[in-house]
Amino acid sequence: MTEFLTEAPSMFRGKTADELREHAAQALTGARSRSTALTDAVDDEDLVRQHSKLMSPLVWDLAHIGSQEELWLVRDVGGREPLRPDIDDLYDAFQHPRADRPSLPLLGPAEARHYVGEVRAKAFDVLERAPMEGRRLIESAFAFGMITQHEQQHDETMLATHQLRQGEPVLHAPAAPGARSGPLPPEVLVPGGPFLMGTSVEPWALDNERPAHEVGVDAFFIDTTPVTNGEYVEFLESGGYRQRQWWSEAGWEYRSAHDITAPRFWRREAGGWWRARFGVDEPVPAEQPVVHVSFYEAEAYAAWAGKRLPTEREWEKAARFDPATGQSRRFPWGNEAPTPEHANLGQRHLSPAAAGAYPAGASPLGVHQLIGDVWEWTSTDFHGYPGFAAFPYREYSEVFFGPDYKILRGGSFGTDAAAIRGTFRNWDYPIRRQIFAGFRCARDAAGV
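Conventions adopted
- Residues numbered from 1 in each chain as written.
- Predicted model: local features only at pLDDT ≥ 70, side-chain atom pairs only at ≥ 80, totals over all residues.
- Heavy atoms only, no water.
- Pairing = 2+ DSSP bridges.
- Helix = DSSP H or I, 4+ residues; strand = E, 2+ residues; numbered from the N terminus.
- Axes fitted to C-alpha atoms, helices over the stretch in contact; angles between N-to-C directions.
- Salt bridge = Lys/Arg side-chain N within 4 Å of Asp/Glu carboxyl O.
- Buried < 20%, exposed > 50% of the residue type's maximum accessible area, 1.4 Å probe, protein only.

K.L.:
Is there a simple way to think about the sheet that holds strand β6 (residues 266–269) in this case?
P.N.:
The pairing of strands in a sheet comes from backbone hydrogen bonds and takes either a parallel or an antiparallel form. The strand order β6-β7-β8 describes an open sheet built from three strands, whose pairing is antiparallel. On the outer flanks of this sheet lie β6 and β8 (280–283), each paired with one strand and no other. Sheet twist, expressed as the mean angle between neighbouring strand axes with direction ignored, is 30 degrees. By the bridge criterion, four bridges tie β6 to strand β7 (residues 272–277) in an arrangement that is antiparallel. Of the residues in β7, the one forming a bridge with Glu269 is Gly272.

K.L.:
For this particular structure, what's the right way to read the pattern of salt bridges?
P.N.:
Two side chains that carry opposite charge are able to pair once their charged atoms sit near each other. Counting across every chain of the model gives 40 salt bridges. With a closest N to O distance of 2.7 Å, Arg440 and Glu376 form a salt bridge. In this pair, Arg440 sits in the loop between β13 (437–438) and β14 (442–444) while Glu376 sits in strand β10 (residues 375–382), placing the two residues 64 residues apart along the sequence. Glu376 sits in the buried class, given a relative accessible area of 0%. Connected through salt bridges with shared partners, the residues Glu312, Glu316, Arg320, Arg409 and Arg425 form a single ionic network.

K.L.:
Honestly, the pairing of strand β4 (residues 213–217) in this entry has me stumped. Any pointers?
P.N.:
When a strand is regular, its side chains alternate between the sheet's two faces. Of the two faces of β4, only one is covered, namely that formed by His213, Val215 and Val217; the face formed by Glu214 and Gly216 stays uncovered. Pairing of strand β3 (residues 193–197) with β4, which is carried by five bridges, proceeds in the antiparallel orientation. Across the sheet, Phe195 pairs through a bridge with Val215, a residue of β4.

Quick look at the structure:
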């Protein structure tokens, strides 16, 4: 059976150095367009304001994006002289907690925009000359892909800051689509047995996704779609937030200490449940996946429903394994990059789409919306795979390993296609609710 298991080939197989440069340039440009849109949407006063102690001022994120690009592309890959060595410490995420960043002597809006533009011009010059081989950091344009993903990750962080911002709406997008498939079964059986988890060939995969390794899972059932608002309201209305039996000890302690009674941004009114979404007040749409729930809330719902959260390996098998070929795919639908028909990604909409909205994105086993819409909590602590090696720096992944962080998979409507794939691993504290996180449930399939 082991010989039957394979991994999808590299997305860059057969590409020339010039083709790699073109791909990297397009990816960097796409990320910068989004960063510009998110920061140009507000005035300078909003850019420098801290909208929540959980988040940095938007202007910090913008200059931090430039600082990381300068460190890796201009200085390291390009071997160029530093532009602004005097601000390295200001924009080192490990030096200053988010709550403290407004008190730092940060670059102002105009200076930050000038700085990131100057860095980008030099980075493109480096890209034109980089050989795309001979050093691991530049093989298949890895460093440029790493910086693209870093910027897109901060774009999603800035989008979360916009959600926390008070005031009139400044972001606009078409409404997310409704269901396009017929009635779906509530859950799907995933057969037991081995599959290849992680990747050794994805050229822009980050260190915690590597290496590919065989793992086994017992047969299990997993929800066909993420848990919807309508389903979550049943938990709310049944008194789920008041009933201790559904909550872990840590979860109940957190819920009680912070008087949490519903997903973040929800409120109860006479006519039902309402939510605030990027400055808009609206009734909670029953058909969309629930979002802005912590790991503890997801865990409690699953217990109430007689189920549990999936493990990380269960989630990845449901998302990637093709039983007909034994191959672990890049994405649930296959190996091609996401399109608008496959998944709700890239801030194309400003909410999750209805359950069943992306039948073209389903996995071979019939599991829907595993990519996009909402990050999905799993029950697994963040850890390195067997054979893990930190690259290119320990602070990307390794320093976070341990029981303090839970794994999330699949991306959200705020995640760009350049920063997500079937192997991508996100992690956060189990208390986090401002992120675009939801979940789906699983249960054992003993004897199947």
